[in-house]
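Chains, contacts and geometry: an overview
The chain contents come next:
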Amino acid sequence: MQVPASFQYRKATSVEDALTLLRAYGPESAVIAGGHSLLPMMKLRLAHPEALIDINDVDEIAGIRVEDGELVIGALARHADLLACAEAGEHFPILHDAERVIADPVVRNRGTVGGSLCQADPSEDLSAVFAALRATLVVHGPQGTRTVPAREFFVGPYQTVLEQGELLGEIRVPLRESASAYLKVDRRAGDWAVGAVGAVVSVADDVIEEIGIGLTALGAERFVAAEAEDFLRGGPPDGDRFVEAGRIAAARCRPTADQRGPVDYKRHLAGELTTRALCRAVG
Ligand SMILES: Cc1cc2nc3c(=O)[nH]c(=O)nc-3n(C[C@H](O)[C@H](O)[C@H](O)COP(=O)(O)OP(=O)(O)OC[C@H]3O[C@@H](n4cnc5c(N)ncnc54)[C@H](O)[C@@H]3O)c2cc1C
């Protein structure tokens, strides 16, 4: 049986307490939320923090609410909480589309939205979803609180702009008229994506005013298909243009071959899923 190296364990009771503990234990400490990514990495000795700061009792970053025209999702909200939040699904169907296909109920009951984003695994579904939604991430740290656009949060695989001692507090999505959808291809129910695409489209007077296209596990820079978005913005939401947007997204992404499939297949998925997600979003 794999066991992690020894570590110290402290339970934080508030954001301030968590920041104090992170400062006290220094660069070798790590936040633990659901533990569904961090603990397996510790068991495999791919991560070896000397101290774990448990944030599971930090209720102030656990809820989901609408406030000041934004959907506010606490970093500690579980996948299951987001799936159960009717208001979130009504405003942004992409959130429920994605949560329905993330792992299984056991993982969804424990894994957190914030942990998913901070893990920045290229196959993590929510990174592409919040990038497509153009969400803003609220980060607490020793120097105070700062906000980071989701599209600037991800630096590369397993890398974010979070600095040592910082804590992701919440994710904010401005409420606006939009249509959205998320489509995922996996090898079996509950598996990580072979590829997935989310689309968020705002249309006024038959013109696409704003658009977000997020790609999961398909090698898109910062999880988005920026050139396909640029192509669609300002034009009508019609099927031929969605096909062309899919072609652009497929041409620009850089998938890698692995046990889930070869590059050509994943590139094909990028195009097909982009077109289908756009069509499904606008109905
Ligand atoms: C069997 C299995 C199948 C899965 N399938 C999928 C899937 O299909 N799609 C998918 O998207 N995900 C999947 N996951 C991952 C799941 O979504 C996890 O919930 C997610 O990876 C991490 O969330 P967590 O709360 O468990 O984070 P943890 O494991 O606790 O933490 C992950 C990382 O984020 C950091 N961190 C956590 N919270 C914060 C915070 N608030 N501020 C700063 N840093 C923080 C930790 O220090 C750590 O580095 C799967 C996991 C398992 C075990």
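This section reports on the structure supplied with the text.

Basis of the calculations
Residues numbered from 1 in each chain as written. Predicted model: local features only at pLDDT ≥ 70, side-chain atom pairs only at ≥ 80, totals over all residues. Heavy atoms only, no water. Helix = DSSP H or I, 4+ residues; strand = E, 2+ residues; numbered from the N terminus. Buried < 20%, exposed > 50% of the residue type's maximum accessible area, 1.4 Å probe, protein only. Contact = heavy atoms within 4.5 Å. Near = heavy atom within 4 Å. Polar contact = N/O pair within 3.5 Å; in protein donor to acceptor, adjacent residues only side chain to side chain. Areas by Shrake-Rupley, 256 points an atom, 1.4 Å probe, with all protein chains shown as cover. Pairing = 2+ DSSP bridges. Axes fitted to C-alpha atoms, helices over the stretch in contact; angles between N-to-C directions.

Examining the environment of I211
- Examined against the element boundaries, I211 turns out to sit in strand β13 (residues 207-216).
- Classification of I211 by relative accessible area gives buried; the value is 1%.
- Placed 17 residues apart in sequence, I211 and A228 show a C-alpha to C-alpha distance of 9.3 Å.
- With sequence-adjacent residues up to four places away left out, I211 is seen in contact with R134, R151, V200, V201, E229, L232, R233 and L278.

Remarks on the site of the ligand
- In the region of the ligand, 28 residues are neighbours, and V31, S37, T112, E124 and D125 sit closest.
- Contact distances for the ligand include 2.8 Å between an oxygen atom and a backbone N or O atom of G34.
- Within the backbone of L168, one N or O atom sits 2.9 Å away from a nitrogen atom of the ligand.
- Computed on the free molecule, the ligand has an accessible area of 970 Å², of which 88% lies beneath the protein chains in the complex.
- Only β2 (29-32), α7 (113-119) and β10 (167-174) provide two or more residues apiece to the shell around the ligand.
- The element that contributes the greatest number of residues to the shell around the ligand is α7, accounting for 4 residues.

Concerning the sheet that holds β13
- Strand order in the open sheet formed by 3 strands is β11-β12-β13, and the pairing between neighbours is antiparallel. In this open sheet, the two strands that pair with only one neighbour each are β11 (179-186) and β13. Taken pair by pair, the neighbouring strands of this sheet meet at an average axis angle of 10°, ignoring direction.
- Across 9 bridges, the pairing between strand β12 (residues 193-204) and β13 is antiparallel. In the strand pairing of β13, V201 is matched with I211.
- This element, helix α5 (residues 93-100), spans β11 and β12 of the sheet and lies at about 15° to β11.

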